[in-house]
Structure formats: C-alpha cells, structure tokens
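Fold and geometry: a report
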Amino acid sequence: MILGTISTGLAIAVIRDTNQQGFAKGMSTASLCVSAVVFVIGLLLSVSLMLMMH
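To start, this report covers the structure provided alongside it. All values reported here derive from a predicted model rather than from experimental measurement.

**Quick look at the overall build of the protein chain**
Counting secondary structure elements, the protein chain contains two helices and zero strands. Whereas a compact globule of 54 residues would reach a radius of gyration of roughly 10 Å, the protein chain reaches 15 Å, over 25% beyond that. In terms of overall dimensions, the protein chain has a C-alpha envelope of 50 × 15 × 15 Å along the principal axes. When the accessible surface of the protein chain is split by element, carbon and sulfur atoms take 77% of a total near 4600 Å².

Okay, here's the thing in structure tokens:
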C-alpha cells in the first residue's frame, strides 16, 4: 500500500507537468490505471473475506 501510494503520487505529478510528453506521460497514465485496478480488486477481496467471516 505504501509503494502504491508513492507511485500514484509520482504518476499524478508527471501527468500534471506540462513539459512532459510522450512516453513518460503514457507510462504514468498506464501505472495509474493498473494501480486503480489492483486497488479495486484488493478492496473487493477484503470486503468479500469480511462478509464470509460473519
């Protein structure tokens, strides 16, 4: 979670920087998408596990 938070912050900083173009901006956008998917999957699995324990 800590590394994901740091990488998300860096990716947002690269996307906001108007001087960056091309490969860096594309890779940071892709990393944000991957981070979001991993977060949603982890959240769904955690909620599912919590509901099964009840």
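**Structural notes on the environment of K25**
Tracing the backbone through its elements, the reader meets K25 in helix α2 (residues 23-53). For K25, a relative accessible area of 27% translates into the label partly exposed. Taking the C-alpha atoms as reference points, K25 and S46, 21 residues apart in sequence, are found 31 Å from one another.

**Side note on a nonpolar patch on the surface**
On the surface, F39, V40, L43, L44, V47 and L51 cluster together into a nonpolar patch covering about 590 Å² of accessible area. Here L51 lies in helix α2. Under the relative-accessibility criterion, L51 is labelled exposed at 63%.

**Here we look at the environment of Q21**
Here Q21 lies in the loop between α1 (2-16) and α2. Taking the C-alpha atoms as reference points, Q21 and L49, 28 residues apart in sequence, are found 42 Å from one another.

About the thresholds
Residues numbered from 1 in each chain as written. Predicted model: local features only at pLDDT ≥ 70, side-chain atom pairs only at ≥ 80, totals over all residues. Heavy atoms only, no water. Helix = DSSP H or I, 4+ residues; strand = E, 2+ residues; numbered from the N terminus. Rg over C-alpha atoms; globule rule 2.2 N^0.38 Å. Areas by Shrake-Rupley, 256 points an atom, 1.4 Å probe, with all protein chains shown as cover. Buried < 20%, exposed > 50% of the residue type's maximum accessible area, 1.4 Å probe, protein only. Patch = residues over 30% accessible without salt bridge, like charges linked within 9 Å, V, L, I, M, F, W, Y side chains within 5 Å. Salt bridge = Lys/Arg side-chain N within 4 Å of Asp/Glu carboxyl O.

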